[in-house]
Amino acid sequence: MSSQPNQSLIDGIRCLQYLVSSDKAIGCRELARQMGMNSTRVNRLLMTMASVGLTMQDEHRRYLPGPGIHALAAQAIRGSSLFAQALPQLEAHAPRDIVVALGVLWEDQVIYIWHSEPGERTRTSQALAGFRMLPAWQSVIGVALLAAESDEVLRPRFNDEQWTQIAPLLERKRAEEHLIWHRDDGEIGMALPINNNRAALAFAKIWQTDDAHLTQRLQQLHALAQMLISAR
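Residues numbered from 1 in each chain as written. Predicted model: local features only at pLDDT ≥ 70, side-chain atom pairs only at ≥ 80, totals over all residues. Heavy atoms only, no water.

Colleague: Which parts of the structure should I look at to understand the pairing of strand β7 (residues 188-194)?
Modeller: Across the 7 residues of β7, 7 count as buried, placing the element largely inside the fold. Residues Ile188, Met190, Leu192 and Ile194 point to one face of β7 and Gly189, Ala191 and Pro193 to the other, with burial holding for every one of them. Bridge count between strand β6 (residues 179-182) and β7: 4 bridges; the pairing is antiparallel. By the bridge assignment for β7, His182 is matched with Ile188. (Buried < 20%, exposed > 50% of the residue type's maximum accessible area, 1.4 Å probe, protein only. Helix = DSSP H or I, 4+ residues; strand = E, 2+ residues; numbered from the N terminus. Pairing = 2+ DSSP bridges.)

Colleague: Teacher, can you tell me more about the sheet that holds strand β4 (residues 109-115) here?
Modeller: Hydrogen bonds along the backbone pair up the strands of a sheet, which may run parallel or antiparallel. What the 6 strands build is an open sheet, ordered β5-β4-β3-β8-β7-β6; its pairing is antiparallel. The sheet is open, and its two edges are formed by β5 (134-135) and β6, each paired on a single side. Of the strand pairs in this sheet, β4 and β5 are connected by 2 bridges, and their pairing is antiparallel. The partner of Val110 across the bridge, within β5, is Leu134. Seen against the sheet, helix α5 (residues 81-93) touches β3 (99-106), β4, β7 and β8 (199-206) and runs at an angle of roughly 55° to β4. (Contact = heavy atoms within 4.5 Å. Axes fitted to C-alpha atoms, helices over the stretch in contact; angles between N-to-C directions.)

Colleague: Whenever I open this one, the side chain of His213 confuses me. Can you help?
Modeller: The topology assignment puts His213 in helix α10 (residues 211-230). Beyond its immediate sequence surroundings of up to four residues, His213 is in contact with Ile206 and Gln208.

Colleague: It is not clear to me how the packing of α5 against α10 should be interpreted in this structure. Could you clarify?
Modeller: To describe two helices that pack against each other, one gives the angle between their axes and the distance between the axes. One way to put it is that α5 packs onto α10 with a least axis distance of 8 Å and a crossing angle of 145°. Considering only the axes of α5 and α10, their crossing is right-handed. The segment α5 lies against α10, with Gln85, Ala86, Gln89, Leu90 and His93 engaging Leu224, Met227, Leu228 and Ile229. Looking at the contact of α5 with α10, its residues break down into 6 nonpolar, 3 polar and no charged. (Left-handed = near helix turned anticlockwise from the far one by under 90°. Nonpolar A, V, L, I, M, F, W, Y, C, P; charged D, E, K, R; others polar.)

Colleague: Looking at this structure, I do not really get the nonpolar core. What am I missing?
Modeller: Most often, soluble globular proteins have nonpolar side chains that are buried together. Ranked by size, the top nonpolar core spans 26 residues in total, and within it Leu90, Val100, Leu102 and Leu201 carry the most contacts. Those elements that place two or more of their residues in this core are α5, β3, β4, β7, β8 and α10. Looking at which element gives the most residues to this core, the answer is α10, with 6 residues. The next biggest cluster of nonpolar side chains, apart from the first, holds 24 residues, and it includes Leu145, Leu154, Leu169 and Leu170. (Core = buried A, V, L, I, M, F, W, Y, C linked by side-chain atoms within 4.5 Å.)

Right, here's the structure in full:
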């Protein structure tokens, strides 16, 4: 048997992940454009997944996640130690006056496991469904996780504008355990990779820029990350 990866399986999984990351029903051609794939192939993959309930079509023949996604989601949550360990700690201990996020990197996109907004205590159901997938170069979590890879590996994956933005941040992260990102509008975000760079915890929407406040926030970030790592 060949030891080469099965490209059809890879394409099917990618197709499903892009579909479930869409905020609305999406046409086959648009999904193919996002994935950089042939639309005929994408349509065949979507139809194949529809036959087992993973996708479905609306009245305009656009695609949506099917009922089988719910079974996959439940099984994935039950099988993930990161979910089991992190979510109760985040629900109980995440600061309420800033954004708190936990995310993983997939195809240079950040997938958010948890994303709360400032305000009242966030319920797990809100934080799980609270944010879309985001390009890694726009996210403090994304850049913090990308820094584990070399510039030689990363450079071809980003255009000149994107690389100009993230290159100094990557260098900064590699010199520190955490990353602090001062954005042009005055917002500050900070991220700390956990689980051997398989995920990262972040604080965002921080507007107080004095050193004492940032030091306090950084201590909070490290303490919360330690809770997630130590939870059993």
